[in-house]
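Working through the structure, step by step
Take a look at the letters that make up each chain.
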Amino acid sequence: MMESGKDNGTKLTGQRRVGLLYDERMCKHENLHDGYHPETPNRIRSIWNKLQSTGITQRCVILDAKEAEDKNILSVHSKKHVNFIKKISSESDSRRLKTASKFDSIYFNEGSSEAAYLAAGSAIEVVERVASREFNSAFAIVRPPGHHAEREEPMGFCLFNNVAIAATYLLEERPELGIKKILIVDWDIHHGNGTQKMFWNDSRVLFFSVHRHENGGFYPASDDGFYTMVGEGAGAGYNINVPWENGRCGDADYFAVWDHILLPVAKEFNPDMIIVSAGFDAAIGDPLGGCRVSPFGYSVLLKKLMNFAEGRIALILEGGYNLDSIAKSAHACVEVLLEDEPIVGSSEAYPFESTWRVIQAVRQELSCFWPTLANELPQKLISQIAPPPHTLISSSDSETEDDKGRQNSDLAELLQDVIKPLSELKVDADHKIGDMNYWRTELSDIYIWYASYGSNMWNSRFLCYIAGGQVEGMKIPCSGSLDKALPKAIVWKTFPCHTFFGREASHTWGPGGVAFLNPVETSQYKTHMCLYKISMEQFNDILFQENGLSIDTGSPLLDIATLNAISEKEFNSQEVKDGWYGNVVYLGKEQDIPIVTITCSLADIEGFKSGKLPLRAPNEAYTKTLIKGLVEGKQLSEGEAIAYIEAASKSLICR
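I will try to describe carefully the structure that is included in this document. (Residues numbered from 1 in each chain as written. Predicted model: local features only at pLDDT ≥ 70, side-chain atom pairs only at ≥ 80, totals over all residues. Heavy atoms only, no water.)

A word on the overall build of the chain. When you go through the chain residue by residue, the secondary structure sums to 20 helices and 18 strands. A buried classification covers 62% of the 655 residues belonging to the chain. Contacts spanning at least 24 positions in sequence make up 76% of the contacts within the chain whose residues lie at least 6 apart. Here the chain displays about 25000 Å² of accessible surface, and carbon together with sulfur accounts for 47% of that area. (Helix = DSSP H or I, 4+ residues; strand = E, 2+ residues; numbered from the N terminus. Buried < 20%, exposed > 50% of the residue type's maximum accessible area, 1.4 Å probe, protein only. Contact = heavy atoms within 4.5 Å. Areas by Shrake-Rupley, 256 points an atom, 1.4 Å probe, with all protein chains shown as cover.)

Written out as structure tokens, the structure is:
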């Protein structure tokens with residue numbers, strides 16, 4: 001990879017000296033069994049292409065990726081784990097698939113071992129260059145990510161803990177560089193559980209993580225990310241968690257946390273260097289994060305950190321799954337690293353009330369370790385709040401038409417108050433933050449029956465799509481609907497159509513098929529379906545989540561016109577999205593309300609018929625949800641449910 005700014009001794013003048021590291025070999029790590037898996041090689045390609053297209057790579061020094069040595073990885077991982085990752089790519093594909101299913105949200109292929117070693121080695125490379133003052137700062141555009149990886153096992157898309165390996169390398173292997181205290185800032189939307197555990201008793205590392213937690217309901221779904229987890233022994237007080245209680249947190253929420261927790265503590269800690277676990281899945285539009293940090297927001301967060309450690313900062317990529325958002329956010333950060341100038345822009349939006357509540361709880365918990373946090377925040381400050389994130393839209397059946405009209409008017413004003421300041425931020429010209437989803441107001445009062453024939457037949461599983469979170473067996477959590485109101489009613493019906501199981505694996509359930517429906521009426525089969533009475537707004541949020549989209553998408557997939565068009569005849573369908581469940585099927589009416597379900601495209605149906613797409617039985621975890629749904633819904637006994645599922649698993653798709 002040749003660049004004009006290649007590291008060949010050339011001195012860059014008139015700006016900060018910044019290193020960039022990217023290597024296409026890390027793209028060899030790929031999930032070949034799930035084309036929709038969010039942790040894709042295109043994540044780092046999108047960042048690199050953005051930096052190249054804007055000419056920013058010409059202003060940086062391009063560094064070569066290096067594989068980490070075992071001795072460096074062994075500083076934070078066990079010998080068993082290192083040997084496992086080293087050898088996994090040499091195993092057969094079937095064995096890799098079986099092995100991956102034993103872990104939480106992990107996949108392997110022939111390129112996984114090399115990519116993991118390159119990611120860890122590249123993290124070491126950039127921190128060493130910055131620590132030695134060869135560069136002011138640097139950014140390692142690496143994958144797989146690392147902050148979930150624990151000492152003994154991979155987890156959450158992460159194989160080696162890149163940041164922990166790099167930080168330990170500086171502290172243990174390069175004492176002559178003078179790095180005695182390191183601040184690790186993890187702004188990925190998910191808690192950095194692996195990194196936290198590796199420095200739990202270490203006062204040389206101040207680990208700070210701000211993340212969605214929701215009382216342990218958000219991935220990685222444990223209590224490790226709660227604010228009471230402050231470290232132990234010598235490390236007591238050196239572990240800081242800021243756990244969001246809800247999604248949709250944006251620039252104002254993060255700015256408040258920086259100003260009232262992180263920056264005061266960082267000033268007291270006085271780090272010699274800062275490493276950022278730079279996940280961009282809190283960005284606007286991320287399908288897993290469900291938050292609203294803008295590129296401007298990330299640039300401000302980074303700029304505030306540059307006041308410490310003489311600006312010696314290394315960014316190491318973690319998550320981020322919207323290719324547009326991750327590219328623009330990363331670009332904004334590199335601009336900050338290059339230019340030692342004030343940032344143009346402003347944000348007048350306020351944090352959520354829940355944000356101030358969390359900030360106060362964190363400050364109180366840590367005040368005995370950090371006296372700077374002991375003072376109470378002024379009431380005038382914490383009274384400046386945005387409307388609650390999940391109560392902007394009401395769907396109460398008891399509202400009068402006048403009440404609804406007033407609420408809709410108030411809603412528009414509230415949205416303007418919150419969103420307008422963000423829309424005026426100076427980010428990329430083509431990145432408009434102010435396009436709010438006003439379609440929600442209209443569709444929140446229109447109801448349909450959503451008919452589920454798969455895992456959503458189990459009420460607890462279905463509610464993950466409404467409230468967010470996950471049930472046992474799911475590899476990743478759902479972000480939830482914006483309107484978290486429970487279904488107005490639940491009924492069961494049977495329909496004359498064929499259900500089958502297909503695909504090698506899914507990123508939600510791992511190896512094994514998932515349920516699809518052939519949208520053709522046939523008396524040969526009888527399919528049990530659980531019907532949930534929900535709003536069209538909520539149904540669209542389910543569509544977004546089923547097809548890997550963020551609920552912040554600017555327009556609905558199923559609008560009123562499309563619903564009316566397919567409602568002329570039972571089993572009419574309309575493909576609204578190119579995804580596994582992008583085909584909406586009309587099944588009739590119940591209590592004069594339309595019944596709709598979702599399945600794959602008609603082209604995919606033909607693919608299953610021809611053998612181009614695989615028919616596969618579901619795995620044990622997925623099967624259990626189907627059984628629970630049918631049994632708890634009082635449709636079948638457990639034995640009958642098992643037989644029903646086995647019959648669908650063995651049947652050929654009907655024509």
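There is more to say after this.
Turning next to helix α4 (residues 93-100). Of all the residues in α4, the buried ones are Arg-96, Thr-99 and Ala-100. All buried residues of α4 project into a common sector of 95 degrees when viewed along the axis, lining one side. Projecting away from the buried face of α4 at angles above 90 degrees are the exposed residues Ser-94, Arg-95 and Lys-98. At its buried positions, α4 is contacted by α3 (79-87). (Arc of directions from axis to C-beta.)

This brings us to the nonpolar core. In terms of nonpolar packing, the biggest core is built from 128 residues, with Phe-139, Trp-187, Phe-208, Tyr-254, Trp-258, Phe-280 and Ile-316 touching the most fellow members. When residues of this core are assigned to their parent elements, the largest contribution, 12 residues, is made by helix α5 (residues 112-131). Setting aside chain neighbours within four positions, we find Phe-280 in contact with Phe-139, Trp-187, Asp-286, Tyr-298, Leu-317, Gly-319, Gly-320, Ile-326, Ser-329, Ala-330 and Cys-333. Listed in part, the 67 residues of the second largest apolar core include Trp-449, Val-514, Phe-516 and Ile-551. (Core = buried A, V, L, I, M, F, W, Y, C linked by side-chain atoms within 4.5 Å.)

Within the secondary structure, His-81 sits in helix α3. Each residue touching His-81, except ones within four places of it in the same chain, is listed here: Glu-150, Arg-151, Glu-152, Glu-153, Pro-154, Leu-159 and Phe-160.

The next subject is the sheet that holds strand β9 (residues 447-452). Here we have six strands laid out as an open sheet, ordered β10-β15-β9-β18-β17-β16, and mixed in their pairing. Across the chains shown, the open sheet's two edge strands, defined by having one partner strand only, are β10 (490-495) and β16 (573-575). Between one strand axis and the next, the sheet turns by 35 degrees as a mean value, whatever way the strands run. (Pairing = 2+ DSSP bridges. Axes fitted to C-alpha atoms, helices over the stretch in contact; angles between N-to-C directions.)

What follows deals with the sheet that holds strand β1 (residues 18-21). Spatial strand order, β2-β1-β3-β8-β7-β4-β5-β6: eight strands in an open sheet with parallel pairing. Lying at the two open borders of the sheet, with one neighbouring strand each, are β2 (61-63) and β6 (239-244). Strand-to-strand, the axes of this sheet are offset by a mean angle of 15 degrees, without reference to chain direction. With five bridges joining them, strand β4 (residues 182-186) and strand β5 (residues 205-212) adopt parallel strand pairing.

Time to look at the pairing of β4. The element β4 is largely enclosed, with a buried count of five among its five residues. Burial along β4 is two-sided: Ile-182, Ile-184 and Asp-186 facing one way and Leu-183 and Val-185 facing the other are all buried. With five bridges connecting them, β4 and strand β7 (residues 273-278) associate as parallel partners. The residue bridging Leu-183 from the neighbouring strand is Ile-274, located in β7.

Look at helix α1 (residues 42-53) against helix α10 (residues 323-338): their axes get within 8 Å of each other, and the N-to-C directions meet at 50 degrees. For the element pair α1 / α10, the angle class is oblique. For the element pair α1 and α10, the recorded crossing hand is right-handed. Where α1 abuts α10, its residues Asn-42, Arg-43, Ser-46, Ile-47, Lys-50 and Leu-51 lie against Leu-323, Ile-326, Ala-327, Lys-328, Ala-330, His-331 and Val-334. (Parallel < 35°, antiparallel > 145°, perpendicular 65-115°, else oblique. Left-handed = near helix turned anticlockwise from the far one by under 90°.)

Moving on, we come to the packing of α3 against α5. The N-to-C vectors of α3 and α5 enclose an angle of 125 degrees; their axes lie 7 Å apart at closest approach. In terms of orientation, α3 lies oblique with respect to α5. Residues Val-82, Ile-85, Lys-86 and Lys-87 of α3 form the contact with α5, whose own contacting residues are Ser-113, Ala-116 and Tyr-117. The class makeup of the residues in the contact of α3 with α5 is four nonpolar, one polar and two charged. (Nonpolar A, V, L, I, M, F, W, Y, C, P; charged D, E, K, R; others polar.)

Next up on the list: the pattern of salt bridges. Per the stated rule, a full pass over the model turns up 35 salt bridges. Note that Glu-125 is salt-bridged to Lys-66, the shortest N-O span being 3.5 Å. Separated by 59 residues along the polypeptide, Glu-125 in helix α5 and Lys-66 in the loop between β2 and α2 (70-73) bring together distant segments of the chain. Judged by relative accessible area, which is 5%, Glu-125 ranks as buried. Relative accessible area serves as the criterion here: at 45%, Lys-66 is assigned to the partly exposed category. One salt bridge connects Arg-96 with Asp-93, and the closest N-O pair in it is separated by 3.7 Å. Placement of both Arg-96 and Asp-93 in helix α4 is noted, with a separation of three residues, approximately one turn of the helix. For Arg-96, a relative accessible area of 4% gives the class buried. The class of Asp-93 is partly exposed, set by a relative accessible area of 32%. (Salt bridge = Lys/Arg side-chain N within 4 Å of Asp/Glu carboxyl O.)

Scope: geometric values only; no functional claims are made or implied.
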